[in-house]
Amino acid sequence: MSDGKKPGQGLDCSVCKDEGPSQNCNSNLKLTEAQPTIVTFSCSQPGDIFTVEINQEIASCSIIAGQPGLTWFLEFTRTFTWDLKVQSGKVFQLDFPSLGMRQIKPSESCPDKHTYSITTYQRTGPAKIGTFCRNGTISRIQVLYRGRVTLEVPKGTDPSPSHFKVSIGPAATALVEVDVKLPRGPFSADFFTPNYAYGWYNEEKIKWNFAVKPMHNFTVHFQQYTTPECLKKAVTCDYTLGDKPLLTKTPADTQPTNEQGDFSLTLANCEAKKEANVPGLSLNFIVKVFRNGTPYLCTVDLRNEEGLSLQIENKNPESYCEMSLNSVMQKKIVVPAGTKADLSFLDCPVQDLQLTATKVIDFPSMSACDTRTSLSIPALDPSLPVPLHQFTWLLHVRDQGTVDLMSPKGNLHQSLPDKQCNERVSMLISETEGSNIGQFCSTAESTIQKIQIKGNVSITVIPKNIKDLSQVKGPFLGVCISPEITENVIYTVSPLISGPTYTATPNWPDGMNPSLSASWIVYVPQDYKAELWFSNVNKPKCDTGHTEIIVGPLDSQGQTQSWREDQSFPGPLIQHQSFYLNMSNCEPKSDHFAVLSKIRITEGFPIFCQKNSFK
């Protein structure tokens, strides 16, 4: 490691080694011993005057190289150098991490302020192979015989850990050989010859090996080329494209265009005249990759279906699917409501795509449920290349409104662990600004006549063993708007006589939202009684308020019973007439509030009879 002054600076500042009588001060300092050393400076801001170079020599071995002393001398501009040497005729090989490297012009700097450069030392003199940044397409660089890797980090910048593998490569075929892994297109990358902008005069070769993704074409374009004054031979460009014969071109020719597959470019320089004002070879070329094939085209017009929007996603990140919206490539296509869009799909298997649709319905005014709106999936454009996977209605009501939901045929059933929805479709009902209410369907033994939800509601149709939801005939639900309710949710339930009926708190089993309340209006048939069990209860530890369960008759003439989370729940509760069940949550400190209830209807005794009068 060494400290040295910047040119022309710091005439009144020195760097000192050790203390006391043995102290030695100078304009620069070099440390080579592997031992603790005291270093001081004779000025208050040495970082403005001195630079620090940290050097490591690597010879004829395989090693993972990285920046030693990452936290040393942060107030100085630092240069990390690795001097590399192998036996004559061999190359040293630099393998970069998965992020790779990107070549830039010598005049440019890297966004992360970590600028790398690679220099080779040959008998003809040093040549700067290039300047590089992290995060690029270059995965490996092989350099003949001897060279240096340099990393410059400005003062005040904490170096990010960066490593590359150094090893001995095979026998040399070129001065430099660069391996490039081109990503999916469209993409382009710049590459430069050694000593770019200053000139390369030696009769040597540099080789680039390009790996191109399947289903992609590539084009090579010489962006800037300076012709050397050749004394012997001429500059040539040799292309190897798969099994095709060697293709030789001159820099003035048109380079390969719209080709497929991996390829190599070997640039052979001539022996150039090296004098003042005589340019050497200088080349900046660009490699562009892009998809091949013919896309599937379709047009979607949503202008006649109010509030309907579409979204198409590619669910397979490994596929080569390319989707475009109005000629702009998209990772996810979104067609907004009320618009017309041209869509393009290239190499997109149907099984990898997922189409979801959303329809917003604004209810303009509150009523007493005089008018019912049926929720059906509108017809989609048949030219869409992907089936409908999911459909959502967003029901918007004005302030102080309640959304009433009813099954168009019979009642609704809430999907619970012991009795899940196994129909072709089910519906996930949620508060748009809160939690899920639950998953519901219509079955022969459904018991929920109506669900009332205060505020805006989201309803998502979930298919089961159906490839295309648009083929399912509706309506799925009937909707009307009624005055605002006190609770967040009210269920109207008509229990089964043939077996138990289960009810669950909203968002079962994950728990109700804080401070949310829900009620069940339970109708008990005449001459029957209801047994109410709290079969599965999860109690929170409340931070503010209490959870509460209240049970009482609908006619308000009977006894009302209530319990909090710090009390034990009885069971069963016998109800001889229709009743209500109300549950409200606290602000939990820990855990959550969730209750699964069971209602069993049995024959009851008239309240005016004595039990012993029956035989």
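- Looking up the chain in an unreviewed UniProt entry gives the name CUB domain-containing protein 1, with the organism given as Cirrhinus molitorella.

### Structural notes on the state of the cysteines
Consideration 1: In this structure the tally under the stated criterion is seven disulfides.
Consideration 2: In this model Cys-321 forms its disulfide with Cys-348; the gap between the sulfur atoms is 2.0 Å. The sign of the 85° torsion about the S-S bond sets the Cys-321-Cys-348 disulfide as right-handed. With Cys-321 in the loop between strand S28 (308-314) and strand S29 (322-325) and Cys-348 in the loop between strand S32 (340-346) and strand S33 (353-362), this pair connects stretches of sequence that are 27 residues apart. For the pair Cys-321 and Cys-348, one class covers both residues: buried.
Consideration 3: Bridging Cys-421 to Cys-441, the disulfide has an S-S length of 2.2 Å. On the sign convention where negative is left-handed, the bridge of Cys-421 and Cys-441, at about -90° about the S-S bond, is left-handed. With Cys-421 in the loop between strand S37 (413-414) and strand S38 (425-431) and Cys-441 in strand S39 (residues 436-441), this pair connects stretches of sequence that are 20 residues apart.

### As for the environment of Asn-536
Consideration 1: One can find Asn-536 in strand S46 (residues 528-538).
Consideration 2: Each C-alpha atom, one on Asn-536 and one on Ser-597, is 6.9 Å from the other, the two residues being 61 residues apart in sequence.
Consideration 3: With near-sequence residues (within four places) excluded, Asn-536 lies in contact with Trp-508, Ala-594, Val-595 and Leu-596.

### Re the sheet that holds strand S3 (residues 24-26)
Consideration 1: On the basis of which strands lie adjacent, the open sheet formed by three strands has the order S3-S2-S5 and antiparallel pairing. A single partner strand is all that each edge strand has here, and the edge strands are S3 and strand S5 (39-41). Looking at each pair of strands side by side, their axes are set apart by 25° on average, direction ignored.
Consideration 2: In this structure, strand S2 (residues 15-17) lies alongside S5, joined through three bridges in antiparallel fashion.

### Digging into the pattern of salt bridges
Consideration 1: Using the criterion set out here, one finds 16 salt bridges in the structure.
Consideration 2: Of the charged contacts, one joins Asp-95 and Arg-140 as a salt bridge, the two residues approaching to 2.6 Å between their closest N and O atoms. Placement of the pair is Asp-95 in strand S9 (residues 90-95) and Arg-140 in strand S13 (residues 138-144), with a sequence separation of 45 residues.
Consideration 3: By relative accessible area, Asp-95 is classed as buried at 16%.
Consideration 4: The residue Arg-134 makes a salt bridge to Asp-112 at a minimum N-O spacing of 3.0 Å. Separated by 22 residues along the polypeptide, Arg-134 in strand S12 (residues 125-134) and Asp-112 in the loop between strand S10 (101-104) and strand S11 (115-122) bring together distant segments of the chain.
Consideration 5: Several salt bridges share partner residues, and in doing so they unite Asp-95, Arg-140 and Asp-179 into one network.

### Quick word on unusual backbone geometry
Consideration 1: The residue after Gly-185, namely Pro-186, is reached through a cis peptide bond having omega 5°.
Consideration 2: With respect to the secondary-structure elements, Pro-186 resides in the loop between strand S16 (176-181) and strand S17 (187-192).
Consideration 3: Here the bond from Trp-508 into Pro-509 is cis, since omega is 0°, no more than 30 degrees from zero.
Consideration 4: As for its placement among the helices and strands, Pro-509 is situated in the loop between strand S44 (501-504) and strand S45 (517-522).
Consideration 5: Located in the positive-phi region is Tyr-145, a residue other than glycine, with phi close to 70°.

Each value, and the rule that gives it
- Residues numbered from 1 in each chain as written.
- Predicted model: local features only at pLDDT ≥ 70, side-chain atom pairs only at ≥ 80, totals over all residues.
- Heavy atoms only, no water.
- Disulfide = S-S within 2.5 Å.
- Helix = DSSP H or I, 4+ residues; strand = E, 2+ residues; numbered from the N terminus.
- Buried < 20%, exposed > 50% of the residue type's maximum accessible area, 1.4 Å probe, protein only.
- Contact = heavy atoms within 4.5 Å.
- Pairing = 2+ DSSP bridges.
- Axes fitted to C-alpha atoms, helices over the stretch in contact; angles between N-to-C directions.
- Salt bridge = Lys/Arg side-chain N within 4 Å of Asp/Glu carboxyl O.

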